[in-house]
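Report on the structure
In case you want the letters, here they are:
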Amino acid sequence: MTAPAVLRRSEAVVFLVIVAAMLAIGAINPAFWQLGNLFSLLRSNVITGIMALGVLTVMISGGIDVSFPAFAMTAMYLTLRWMLAGGHGGVAVPFAMATAIGIALGALNAFFVHSVRMIPLIVTLGTAALARGFLLGVVGTSNINIDRMPPQLIGFAGTELLATTGPGGAHIGLTAMLPIYLGLALAVHLLLRHTMLGRAVFALGGDREAARRAGFDLARTTYFVYGLAGGLAGFAGLLHVSMIWLANPHDLAGMELDVIAAVVLGGASIFGGRGSVVGTMLGVFMLVMVNNSLIIMHISTTWQRVVVGVIIIAATALTALRDRRRAG
Amino acid sequence: MPPFLELRHVGKSFAGVRALDNVSLAIDAGALHCLAGENGSGKSTLIKIISGVTQPDQGEILFGGQPQRALSPARAIARGVQVIFQDFALFGNLTVAENLALSSELRDGRRLVNWRRVRAVAAEAVARLGVELDLDADVERLPTSGRQLVAIARALMSDARLLIMDEPTTALTRREVETLFRIVRDIRARGIAVLFVSHKMREMLEISERITVLRNGRVAAAGATADFDEAAITRAMTGQEIAATPYRWQGQAGVPRLDVRGLAVPGRFAPIDLAVQPGEIVGIAGLLGSGRTDVALSLFGMHPSYQGRIAIDGAERRIASVPEAIACGIAYVPEDRLTEGLFATQSIARNLLAGSLGRFTRAGLLDLVRAGAAARAMVQSLQIATPTAERPVMELSGGNQQRVVLGRWLLTEARLLVLNGPTVGVDVGSKSGIHRTLRALAMERGLAILMISDDGPELVQNCNRILVMHRGRMVDELAGEAMTEAALAERLRGLS
Amino acid sequence: MSGTFDLRRLLRRDSSVLQLLLLTAAIFAAMSALNPEKFLRAYNFQSLTFLAPELGLLAVAMMLAMLTGGIDLSVIGIANLSGILAGLFFHAVGAPRGPALMHLPLLPVAAGIAIALAAGALAGALNGLLIARLRITPILATIGTGQVYVGLALVLTGGPAIVGFPALWDAIGNATLFGIALPLLLFLLVGAGVATALSRTALGVELFLIGTSAKAAAFAGIRLGRAIFLSYVATGVLASLAGILLSARTNAAKSDYGTSYLLQAVLIAVLGGTNPAGGQATVIGVAIALAALMLLSSGFQLMRFSNFLVDFIWGAFLLIVIAINALRNRAR
């Protein structure tokens, strides 16, 4: 391989693909480049992106998590029901509560993965069913609509960084949730890259036995990883419903596949030990952009899943080929 | 002055099996000591006891003359004991710098990673070893020798007084071994003792000052290296003299079983010619990385892009896959029995039948009665020690496991048997049994055998001629009177 | 490798089968005690014999994928796509509704079955190609193809269910033969077929060996790619068979039917003694696990637990069984 070192990084490849895709979409329909569209594209990154940060961490540690959408909805719905029942308001407390519920559920994953030593996919399939079943079977199935949503949450999620008026007098704003996403991404990046705990995650995913012999605390690392994924999911779950003004406990079903796809797209290895926050953010952006741009490209939205599926297959096939060439 | 480490009458049993019995051993500060022994002789148990991983049932351990009660891994490390295991326990996905610095960062109880400090610490560790290593390379990209250097550098970072190296030369080329020995002598010069655990006599004689030989958990011999020669070590390790009756092939040269012309795999080995007659046992000697395994793999269809011609019993065949090789009557007993040869949790019967399922299929269905009978017959004829062929193969001893792999190929009616390390990990008693079986197969059934081995005596004893490979070329052939252990060792020593 | 079937030997060799039977009996006793009137009614068991087979087929499909250390997350997509394709075919050759559709003769219905099974084989072949030839990790490959299959189902239907199938088709899911539910007969037949194929054909034994050690299998001359490919084709066909039963029983096909079946299929396969890491699986174990869990959920449904709560119980059951097995292994 003679490609320059920068190009050998999968982040660079994804970035180039994104640029090419943007140019192509823009060529098909110049409306893609309108500020309103770009802002809404960025807005769509927030929820998927925050959840992807957790999945990334789990994947670097050599695990996988398909339970986080269920955890997100459980944390969100429990928090909202508590707010409605007690007439509680505020922003910080509800978000802290949703995060805490997510962390607690994530700890359940960690328990089964670490202490019981069961395959993470099977464990998280089980805890996902557990959480959804509990949520829908015990807590409730009814939507919380805009008229009952706590106004402070809606107000918070509606904050905008900058706003302008587009052609035809339409309001165009950039959501202030974007810096929250970017801040969390930076935090996870620093954590993974510059703390011993983060390096423990890489060590665990690289070689579990060597990590144990080197003296890393594997239990602590595993609980951290799944706790982080759960906590981020809980936070993102509440943020999601605050942004769309509707809390539907059935929501986000199947989202785990998209997020895992985005993380893999961003260069993380499903076998653990590899992955980066920047790559994951690019992977999320890629997937969200494709999803959002089908309409702009005059493609029926029923094709959305087919397109996403094809992208996942293509990306994983390319990664598999690259790894094989590397190994051979 | 008392020795740095002393073991007195140490004994250890596992589930009633005596792994170590009355073993005494003293290692002086800054000494180069060799621990020799066959697999299963108790070497690894002894390492575990010294490094505090397991506790002995009897005897005592003294550091600097002080008895240690309940030595734990942490206390052994605090005493300066560092073990470099064969797998190195490194992180392939992390850089050299991080692999070196992680343990000390961890030991210092740091929470944040200062990358500049990591690099500085790593650079110092590498410099102390006097070697060149790219600190920013991922460890998984390094060759085995490079990874070993990282492991050594890491071990020395923590104020080591005794470095234990478990089979450190197994995967190294001759030149790399010399580099390693130079480093080991440097380390010794700094007053750090090194315990070399090995079964390679030549290297032990070359590097060490004292040798302790274990056999069946007991000290079979011990003393200054100057008092030993290869034969003496072998005698101590195996407890028997090497049989002086080499394998004599009596057959007539006719149409060769295997006739190879200009066989080559670019980048692995250069064109070779090779012919093996039915009933011949031909040895291939050579260092690791000499291309000997690749020759075997290309005959077995695992290098489908090979060049040159392969003829079996006079008929030219193109062997582009393993099934095609098997169809040609070629069988391969791999080097790494546990991962390449066996299906550990499956039954002995299934392991035996794995290569010949097609033969026992009638009208799409397996003939279980016939297949079962064939498996049982093979268990009997190879004297595999088991009450029933339905037991998982992992319950067998190393020697019996190797018989199972051998039996698998006999069931395919192989005509050419390629063996890579036929008795690696096999205890002494079974070893000669397997040799007898192989010789009988060649003699009585006219099987042609290619035997690749690190074990010089094994080749000399069982082959009628020996080819020497080096750097992808056939460089020499020994046969008849010229084929002696000394001559073979001499040839191998000359390569570098 | 003896050819004769010996229950005692099976039990001795595989204590998990015995454990499963005891578990099933315990569930049966508990549910009978909790709902003495309703649970023991013949009607209850009868309805289970129509309901369980489609899930059972999916679990056997999952078991096959797990046997080589893989997994197939696209089975539900395959099942629904197969039913939808058959439905669209019937609507095209018969009519979208009415007697022309209802009384479609045997030949076109048989063609519909062939279409559904072919779709399953094709979808499975794509999975097999990606996993065996391109060597994509099974999880990722089937996440991707699962999206494609569900997506195609969505594109074909535009979202709403395809309602209305020929009477002959519906009979597959609702008729009885000798007083036994046709779906159950089908399941038993297919289960016996898979069990035979696994223990008595070269391919079946090869799958066990590959699942135990792919590397050793390559050195033993087993054609890995071919065997893994065929196992995913079989998984696809089994999934489409489940899709036929599902659409026949409900007289409808939709892109998102039976999504909770995915977890349940995994659960039944694992509970039935399948090692998700490969190399170990029995059809009989899966069948008993299916019975155990169907009894469990039907008992709770009779107690007016919602389907969601039953999902909760399934999830809890999976985790508890995993934990108990881990503890038992550790004790050993």
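Rules used in this analysis
Residues numbered from 1 in each chain as written. Chains lettered and ligands numbered in written order. Predicted model: local features only at pLDDT ≥ 70, side-chain atom pairs only at ≥ 80, totals over all residues. Heavy atoms only, no water. Helix = DSSP H or I, 4+ residues; strand = E, 2+ residues; numbered from the N terminus. Buried < 20%, exposed > 50% of the residue type's maximum accessible area, 1.4 Å probe, protein only. Contact = heavy atoms within 4.5 Å. Areas by Shrake-Rupley, 256 points an atom, 1.4 Å probe, with all protein chains shown as cover. Lys, Arg positive; Asp, Glu negative; His and termini not counted. Charge placed at Lys NZ, Arg CZ, Asp CG, Glu CD. Domains from an automatic or database assignment. Buried area = accessible area lost by both parts, 1.4 Å probe. Salt bridge = Lys/Arg side-chain N within 4 Å of Asp/Glu carboxyl O. Polar contact = N/O pair within 3.5 Å; in protein donor to acceptor, adjacent residues only side chain to side chain. Pairing = 2+ DSSP bridges. pLDDT = per-residue confidence, 0-100. Axes fitted to C-alpha atoms, helices over the stretch in contact; angles between N-to-C directions. Core = buried A, V, L, I, M, F, W, Y, C linked by side-chain atoms within 4.5 Å. Patch = residues over 30% accessible without salt bridge, like charges linked within 9 Å, V, L, I, M, F, W, Y side chains within 5 Å. Phe/Tyr/Trp six-rings, centres within 6.5 Å; stacked < 30°, edge-to-face > 60°. Lys NZ or Arg CZ within 6 Å of the ring centre and 35° of its normal.

Observations regarding the overall build of chain C
- Of the regular secondary structure elements, chain C holds 15 helices and four strands.
- Principal-axis analysis of the C-alpha atoms places the extent of chain C at approximately 65 × 55 × 35 Å.
- Residues counted as buried form 55% of the 332 residues belonging to chain C.
- Within chain C, contacts between residues at least 6 apart in sequence are counted, and of these 76% link residues at least 24 apart.
- Carbon and sulfur atoms provide 69% of the accessible area of chain C, an area that totals close to 13100 Å².
- Computed over 19 positive and 9 negative side-chain charges, the inter-centroid distance for chain C is 8 Å.

Some words on the domain arrangement of chain B
Residues and elements named next belong to chain B.
- Structurally, chain B comprises domain 1 (5–238) and domain 2 (258–494).
- The C-alpha-based centres of domain 1 and domain 2 are spaced at 33 Å.
- Counting from both sides, the interface comprises twelve residues of domain 1 and, opposite them, nine residues of domain 2.
- For the pair domain 1 and domain 2, the two sides together bury roughly 980 Å², of which 55% comes from carbon and sulfur.
- Where domain 1 meets domain 2, there are zero salt bridges.
- For the interface between domain 1 and domain 2, the tally reads zero residue pairs in polar contact (both at pLDDT 80 or more).
- Of all the elements in the fold, those that place two or more residues in the side of domain 1 that touches domain 2 are α6 (174–189) and α8 (230–238).
- Sorting elements by how many residues they give to the side of domain 1 that touches domain 2 places α8 first, with three residues.

Comments concerning the pattern of salt bridges
Residue and element names in this part refer to chain B.
- Enumeration over the complete set of coordinates arrives at 31 salt bridges over all chains.
- With a shortest N-O distance of 2.7 Å, R465 and E280 are connected by a salt bridge. One end of the pair, R465, is in strand β21 (residues 465–470); the other, E280, is in the loop between β12 (269–276) and β13 (281–286), and 185 residues separate them in sequence.
- Classification of R465 by relative accessible area gives buried; the value is 14%.
- Across the salt bridge formed by D476 and R491, the nearest N and O atoms sit 2.8 Å from each other. Residue D476 is found in strand β22 (residues 473–479), and its partner R491 is found in helix α17 (residues 485–494); the two are separated by 15 residues along the sequence.
- Given the relative accessible area of 32%, R491 is considered partly exposed.

Section: the pairing of strand β7 (residues 162–166) of chain B
All names here are of chain B.
- The element β7 is extensively covered by neighbouring structure, given that five of its five residues are classed as buried.
- Taking every second residue as pointing to the same face, both faces of β7 are buried, with L162, I164 and D166 on one and L163 and M165 on the other.
- Two strands pair when backbone bridges link them, and strand β6 (residues 81–84) and β7 are joined in this way by four bridges, in the parallel orientation. Paired with V83 across the strands is I164, a residue of β7.
- Across five bridges, β7 lies against strand β8 (residues 193–198) in parallel orientation. Across the sheet, the residue bridging to D166 is V197, located in β8.

Looking at the confidence of the model for chain C
All names here are of chain C.
- Averaged over every residue, the pLDDT of chain C is 88; the share at 70 or more is 94%.
- Note on residues 1–5: pLDDT under 50 across the span, and ten contacts to partners over four residues away in sequence or across chains.
- The ipTM assigned to the predicted complex is 0.86, against a pTM of 0.87.

With respect to the sheet that holds strand β3 (residues 32–36) of chain B
Residues and elements named next belong to chain B.
- Sheet architecture is open: six strands sit in the order β6-β7-β8-β3-β9-β10, paired in mixed fashion. Lying at the two open borders of the sheet, with one neighbouring strand each, are β6 and β10 (218–224). Taking each pair of neighbouring strands and ignoring which way they run, the sheet shows an average axis angle of 15°.
- Along the sheet face, helix α5 (residues 144–157) touches β6 and β7 and points at about 155° away from the line of β7.
- Of the strands in this sheet, β3, β7 and β8 touch α6, which is tilted by about 145° from β8.

Structural notes on the nonpolar core
- Counting 373 residues, the largest nonpolar core has L80 of chain A, L258 and L417 of chain B together with W169 of chain C as its most contacted members.
- At 14 residues, the largest contribution of residues to this core is made by helix α3 (residues 42–67) of chain C.
- Mapped onto the domain boundaries, this core takes at least three residues apiece from domain 1 (5–238) and domain 2 (258–494) of chain B.
- For W169 of chain C, the contacting residues outside a window of four places in its chain are A86, F90, V109, G112, I113, A116, I244, S247 and A248 of chain C.
- Residues V10, V81, V83 and L162 of chain B belong to the second largest nonpolar core, which totals 26 residues.

Here we look at a nonpolar patch on the surface
- A contiguous nonpolar patch, built from F15, L16, V19, L23 and W33 of chain A and spanning about 490 Å² of accessible area, is present on the exposed surface.
- Following the sequence through the fold, L23 of chain A ends up in helix α2 (residues 10–28).

Quick notes on the interface of chain C and chain A
- Taken together, the 39 residues of chain C in the interface contact 40 residues of chain A.
- Buried surface at the junction of chain C and chain A, both sides included, amounts to about 3500 Å², of which 82% is carbon and sulfur.
- Taken together, the links from chain C to chain A amount to zero salt bridges.
- Counting the contacts that link chain C with chain A gives zero residue pairs in polar contact (both at pLDDT 80 or more).

Let's talk about the packing of aromatic side chains
- A complete count under the given rule lists 19 aromatic pairs over all chains for this structure.
- Taking 5.8 Å as the distance between ring centres and 65° as the angle between the ring planes, the aromatic pair formed by F28 of chain C and F39 of chain C counts as edge-to-face. Residue F28 of chain C is found in helix α2 (residues 15–34), and its partner F39 of chain C is found in the loop between α2 and α3; the two are separated by eleven residues along the sequence.
- For F28 of chain C, a relative accessible area of 33% corresponds to the partly exposed category.
- Following the ring pairs from residue to residue traces out a cluster consisting of F300, Y332 and W409 of chain B together with F219 of chain C.
- Over the face of the ring belonging to F202 of chain A we find R199 of chain A, whose NZ or CZ atom lies 4.5 Å from the ring centre.
- Looking at R213 of chain A, its charged tip hangs above the ring of F85 of chain B, at a distance of 4.7 Å from the centre.

Re unusual backbone geometry
- Phi is positive for L252 of chain A, which is not a glycine, with a value near 65°.
- For L252 of chain A, the location among the structural elements is in the loop between α11 (218–244) and α12 (255–265).
- With a phi angle near 65°, R304 of chain C is a residue other than glycine that sits in the positive phi range.
- Residue position: R304 of chain C is located in the loop between α14 (283–302) and α15 (307–331).

Section: the environment of M243 of chain A
Residues and elements named next belong to chain A.
- Locating M243 in the fold gives a position in helix α11.
- Under the relative-accessibility criterion, M243 is labelled buried at 8%.
- With 196 residues separating them along the chain, M243 and I47 place their C-alpha atoms 9.5 Å apart.
- Setting aside its immediate chain neighbours within four residues, M243 contacts R43, I47, A157, T175 and M177.

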